[in-house]
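Understanding the architecture of this molecule
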Amino acid sequence: LNNTAVFEQLLSTIIHEYAHILSLNSSQVDYDLDQKRADEDPFMSIEDYEAVTIRAEERCLRAHGIYDGNACFRPGSYMYDFYLSFWDGYGEDVLNLAARGQVFDRNEDDFVNSYAGSSPSEDFAETFAAWLMPDVEDFDITSRVHEKFNFFAGRPSLMRVRKQIHEGLVRVRS
C-alpha cells in the first residue's frame, strides 16, 4: 500500500481482530451450544430465543462467569477481568445501553473511540489495538484509556504478545 495512513489502519484492524482471538477463544470463554443453535435458527420465535438466552445466562452465572449474550466470560479470563475492571460500574443494563451507543455517549473519555463503547469485547479489542499502535489517528488516548493499557501491561502473557506483535510490525513496515 502506498498510503501510510491506510496501511497503519489495516495493521490496527488486524491487531483488533487478533485481540478477539486472544480474548474470545475456548480457553477464555464458554459458548453455550443451545445459544449457538438458537443463533443459527432463523425460524425460532423471539420467545423461544429469549428463553434459550436466559438459560444460557443462568448456566454462566452458576459457573460464576459473566454472560454478554454471546459468551460466558470465565472467571480469571481476560474478558472477565476486563469487564469487572472497566464495565461493571456502568450498571445493570450495560450491554443494551452499549449496543444503543449510550454507554459511550455518557462516558466518552472511557473509550478510545465510539466503537469501543459498543460492547466489552469491542472495547477490549480496540483498546488492545490502541495499546500496540497508539499513534493511529482513530484512537483517543485518555487517562481512563491509560488505565486499560495498564490492565494489559499487568498481564505477562499479553506483554509477550505485545513484544511479538511489535517485532512483526517493525518487519512489516520496513
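Everything below is about the structure printed above this text.
Residues numbered from 1 in each chain as written. Predicted model: local features only at pLDDT ≥ 70, side-chain atom pairs only at ≥ 80, totals over all residues. Heavy atoms only, no water.

Section: unusual backbone geometry
Backbone geometry places His64, a non-glycine residue, at a positive phi of 65°. Residue position: His64 is located in the loop between helix 3 (46-62) and strand 2 (66-67). (Helix = DSSP H or I, 4+ residues; strand = E, 2+ residues; numbered from the N terminus.)

Quick word on the environment of Ser77
With respect to the helices and strands, the residue Ser77 is situated in the loop between strand 3 (72-73) and helix 4 (78-86). Here the alpha-carbon distance between Ser77 and Gln28, two residues 49 residues apart in the chain, equals 5.1 Å. Reaching out from Ser77, the side chain makes a polar contact with the backbone nitrogen of Tyr80 at a distance of 3.1 Å. (Polar contact = N/O pair within 3.5 Å; in protein donor to acceptor, adjacent residues only side chain to side chain.)

Focus on the sheet that holds strand 3
Taken together, three strands build an open sheet; the order of strands is 1-3-2 and the sheet is antiparallel. In this open sheet, the two edge strands, each paired with only one partner strand, are strand 1 (29-30) and strand 2. Of the strand pairs in this sheet, strand 1 and strand 3 are connected by two bridges, and their pairing is antiparallel. Bridge assignment links Asp30 to a residue of strand 3, and that residue is Cys72. (Pairing = 2+ DSSP bridges.)

Examining the packing of aromatic side chains
Applying the stated criterion across every chain, the model contains 16 aromatic pairs. Plain terms: the ring middles of Phe124 and Phe152 are 5.1 Å apart, the flat faces sit at 85° to each other, and that makes the pair edge-to-face. Of this pair, Phe124 sits in helix 7 (residues 120-132) while Phe152 sits in helix 8 (residues 143-153), placing them 28 residues apart in sequence. Comparing Phe124 with Phe152 shows no difference in burial state: the two are buried. Ring geometry for Trp131 against Phe152: centres 5.3 Å apart, planes inclined by 40°, an arrangement best described as tilted. (Phe/Tyr/Trp six-rings, centres within 6.5 Å; stacked < 30°, edge-to-face > 60°. Buried < 20%, exposed > 50% of the residue type's maximum accessible area, 1.4 Å probe, protein only.)

Details of the pattern of salt bridges
Evaluated as defined, the whole model comprises nine salt bridges. Asp123 is paired through a salt bridge with Lys148; the nearest N and O atoms lie 2.7 Å apart. Linking Asp123 in helix 7 with Lys148 in helix 8, this pair joins segments that are 25 residues apart in sequence. Considered together, Asp123 and Lys148 belong to a single accessibility category, that of buried residues. Glu167 is paired through a salt bridge with Lys163; the nearest N and O atoms lie 2.7 Å apart. (Salt bridge = Lys/Arg side-chain N within 4 Å of Asp/Glu carboxyl O.)

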